[in-house]
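# Observations on chain architecture
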Amino acid sequence: MWGRGFIIGFLMSPLIFLVANLYSYYRMRREPVLIDTTVSFGLPFRIHMSGGFVGDSILWPGLLINILIAICLGIILGLVSRRLLRKQTGLS
């Protein structure tokens with residue numbers, strides 16, 4: 001039903017988000033400059049914040065929105081890759 005092209009395109013989206021968030025994590029400053037400042041990471045929305053007086057916290061709205069965007073992007077990439085694979089193989 002979905003086809004190999006759709007699955008390949010759909011699985012590209014989590015990979016893109018994983019690489020982007022790992023890049024954001026590794027670029028994050030490890031320790032805050034001042035005692036009351038925070039550091040955070042996450043792309044496109046922040047998903048984790050630490051430092052300051054609050055400590056470590058997961059930013060749930062940012063995490064949920066990132067997951068929703070990844071699913072939507074996965075569907076779009078899946079449909080595009082299915083169409084490109086069909087054109088390439090000559091199937092209609």
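Throughout what follows, the structure given in this document is the object of discussion.

Take the overall build of the protein next. For the protein, the helix and strand inventory stands at two helices and three strands. Counting from the amino terminus, helix and strand elements in the protein follow one another as α-β-β-β-α. Split into buried and exposed, the 92 residues of the protein put 23% on the buried side. Pairs at least 24 residues apart make up 38% of the contacts formed inside the protein by residues separated by at least 6 positions. Total accessible area on the protein stands at roughly 7000 Å², and carbon and sulfur atoms take up 70% of it.

Now for the packing of aromatic side chains. The full count for this structure, using the stated rule, is three aromatic pairs. Plain terms: the ring middles of Phe6 and Phe10 are 5.9 Å apart, the flat faces sit at 15 degrees to each other, and that makes the pair stacked. Linking Phe6 with Phe10, this pair stays in helix α1 (residues 4-27), spanning four residues, or about one helical turn. The class for Phe10 is partly exposed, based on a relative accessible area of 30%. Aromatic pair Tyr25 and Tyr26: ring centres 5.4 Å apart, planes at 70 degrees, arrangement edge-to-face.

The next point concerns the side chain of Ser81. With respect to the secondary-structure elements, Ser81 resides in helix α2 (residues 60-89). Residue class for Ser81 comes out buried when judged on its relative accessible area of 18%. A distance of 3.1 Å separates a polar side-chain atom of Ser81 from the backbone oxygen of Gly78. When near neighbours in sequence (up to four residues on either side) are disregarded, Ser81 contacts Gly5, Phe6 and Gly9.

Procedures and definitions
- Residues numbered from 1 in each chain as written.
- Predicted model: local features only at pLDDT ≥ 70, side-chain atom pairs only at ≥ 80, totals over all residues.
- Heavy atoms only, no water.
- Helix = DSSP H or I, 4+ residues; strand = E, 2+ residues; numbered from the N terminus.
- Buried < 20%, exposed > 50% of the residue type's maximum accessible area, 1.4 Å probe, protein only.
- Contact = heavy atoms within 4.5 Å.
- Areas by Shrake-Rupley, 256 points an atom, 1.4 Å probe, with all protein chains shown as cover.
- Phe/Tyr/Trp six-rings, centres within 6.5 Å; stacked < 30°, edge-to-face > 60°.
- Polar contact = N/O pair within 3.5 Å; in protein donor to acceptor, adjacent residues only side chain to side chain.

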